[in-house]
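Understanding the architecture of this molecule
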Amino acid sequence: MDSSELYQEAVATFRALLDEATRAGEPEPTAMTLATADASGRISARVVLLKNVDEAGFCFYTNYHSAKAAQLAARRQAALCLLWKTLRDGVQVRIEGEIEKVDAIDSDAYFASRARLSQIGAWASLQSQTLPARGDLDARVAEFERKFAGGPVPRPPHWGGYRLRPAMPDIWYGQRARLHDRMRYDLADGAWSKRLLYP
Ligand SMILES: Cc1cc2nc3c(=O)[nH]c(=O)nc-3n(C[C@H](O)[C@H](O)[C@H](O)COP(=O)(O)O)c2cc1C
């Protein structure tokens, strides 16, 4: 197996596990913790939803003026962590790598597929900024509903996707009554390798 086939195997394994977790009734199978760091090395983590995964990477959508976006502008390194508790005896996937912005065309296409209220919300939310009173958000929602009444809601320029290009997928399989299995894929000097790790 050549090195790129190892990466294809990791992505295919991830997709198969995500399908299996969805079928197993995992309540939020695409929810993943995203960790980022600022220029000083201070780390933040929060949950975002995985919207697309293929060999180019793992995509999520957010506000480009948010705190996470400021951190990603300062440092492109990020980490994702998913837990599928209902799958088998628990599966954790950890992915580390570099982040890039999703093309505007792809962000437009995903934005157009969202429910109208979510589209309005993307305009109304000043994500990560101080909200003086809840009514201020409601007022902004009403303002953008008026602004876009009777027509489509365009994608805000400050809203779109990021793609994490993995350099390290690590898949941990829970095993009842015995030690867990942990499979680690690493990219180093342009070549992928695979090994087991102690759990
Ligand atoms: C289940 C769940 C899913 C979420 N999905 C997203 C998402 O896809 N994109 C997003 O920007 N925020 C999402 N959030 C909100 C983030 O966790 C976070 O509050 C927000 O992005 C602001 O983070 P920041 O201030 O670090 O930028 C989600 C929260 C939860 C609990």
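Report follows, based on the coordinates. Each chain has its residues counted from 1, following the order in which its sequence is written. Side-chain atom pairs in this predicted model are given and counted only at pLDDT of 80 or more, local residue features only at pLDDT of at least 70, and totals for whole chains, interfaces and linings cover all residues. Excluded from the side-chain calculations are hydrogens and water; all other atoms, namely the structure's heavy atoms, are used.

**Side note on the overall build of the protein chain**
Applied cut-off: Only DSSP runs of H or I covering at least 4 residues are called helices, and only runs of E covering at least 2 are called strands; the numbering of each starts at the N terminus. Relative accessibility thresholds used throughout: buried, under 20% of the residue-type maximum; exposed, over 50%; partly exposed, between the two (1.4 Å probe, protein chains only). Whether two residues touch is decided by their heavy atoms; if any such pair falls within 4.5 Å, the residues are in contact. Accessible areas in this description were obtained via Shrake-Rupley with a 1.4 Å probe; residue shielding takes into account the shown protein chains only.
When helices and strands are tallied, the protein chain shows 5 helices and 9 strands. Along the protein chain, helices (α) and strands (β) appear in the sequence α-β-β-β-β-α-β-β-α-α-α-β-β-β when read from the amino end. By its C-alpha atoms, the protein chain is 55 × 35 × 30 Å across when sized along the principal axes. Counting over 199 residues, the protein chain shows a buried share of 39%. Taking as baseline every contact in the protein chain between residues at least 6 positions apart, the subset at least 24 positions apart corresponds to 63%. Here the protein chain has roughly 11000 Å² of accessible surface; of this, 53% comes from carbon and sulfur atoms.

**Some remarks on the packing of helix α4 (residues 116-124) against helix α5 (residues 134-147)**
Operational definition: For every element, the axis is a line fit to its C-alpha atoms; helices are fit only across the contacting stretch, and the angle between N-to-C directions ranges from 0 to 180 degrees. Two helices crossing with the near one rotated counterclockwise from the far one by less than a right angle form a left-handed crossing, whereas a clockwise rotation gives a right-handed crossing. Classification convention: Asp, Glu, Lys, Arg as charged; Ala, Val, Leu, Ile, Met, Phe, Trp, Tyr, Cys, Pro as nonpolar; all other residues, Gly among them, as polar.
Put simply, α4 and α5 touch, their axes get as near as 9 Å, and they point 115° apart. In this structure, the crossing between α4 and α5 has a hand that is right-handed. Here L117, I120, W123 and A124 of α4 come into contact with α5, specifically with L137, R140, V141, F144 and E145. Its residues placed into classes, the contact of α4 with α5 shows 7 nonpolar, no polar and 2 charged.

**Some words on the site of the ligand**
We apply this condition: Any residue with at least one heavy atom within 4 Å of a molecule or strand is counted as near it. Polar contact is defined as a pair of N or O atoms within 3.5 Å, subject to the rule that within protein one atom must be able to donate a hydrogen and the other to accept it, and that residues adjacent in sequence are counted only when both atoms are side-chain atoms.
Inspection of the region around the ligand gives R46, V47, V48, L49, Y61, T62, S66, A67, K68, Q127 and S128 as its neighbouring residues. In this structure, an oxygen atom belonging to the ligand sits 2.7 Å away from a main-chain N or O atom of V47. Here an oxygen atom of the ligand and a side-chain polar atom of Q127 are 3.2 Å apart. Relative to its unbound accessible surface of 620 Å², the ligand loses 63% to contact with the protein. Mapped by element, the contributors of at least two residues to the shell around the ligand are β2 (43-49), β4 (57-63) and α2 (67-74). No other element matches β2, which puts 4 residues into the shell around the ligand.

**Observations concerning the pairing of strand β9 (residues 191-196)**
What counts, and what does not: Strands were regarded as paired on the criterion that DSSP finds at least two bridges between them.
In this structure, strand β8 (residues 181-188) lies alongside β9, joined through 6 bridges in antiparallel fashion. For R184, the partnering residue across the bridge sits in β9 and is R195. Taken together, β8 and the strand that follows it, β9, pair antiparallel across an intervening segment of 2 residues, in which D189 is found at a positive phi of about 50°.

**Quick word on the side chain of T62**
When you line up the elements, T62 lands in strand β4. Relative accessible area serves as the criterion here: at 4%, T62 is assigned to the buried category. Of note is the side chain of T62, whose polar atom sits 3.1 Å from the side chain of Q127. Those residues within four positions of T62 in sequence are excluded, and the remaining contacts are K68, Q127, H158, W159, G160 and Y162.

**Concerning the environment of D2**
Looking at the secondary structure, you find D2 in the segment before α1 (3-23). Residues D2 and A124, 122 residues apart in the sequence, show an inter-C-alpha distance of 48 Å. For D2, the side chain forms a polar contact with the main-chain nitrogen of S4, separated by 3.0 Å.

**Re helix α3 (residues 104-113)**
Test applied: Along the arc lie the directions from the helix axis toward the C-beta atoms.
All buried positions along α3 are accounted for by S107, Y110 and F111. Considered in projection along α3, the buried side chains sweep an arc of 100° and stay on one side of the axis. Exposed residues pointing more than 90 degrees away from the buried face of α3 are listed as I105, A109, A112 and S113. Looking at the packing, one finds that the buried side of α3 touches β4, α4 and β7 (159-173).

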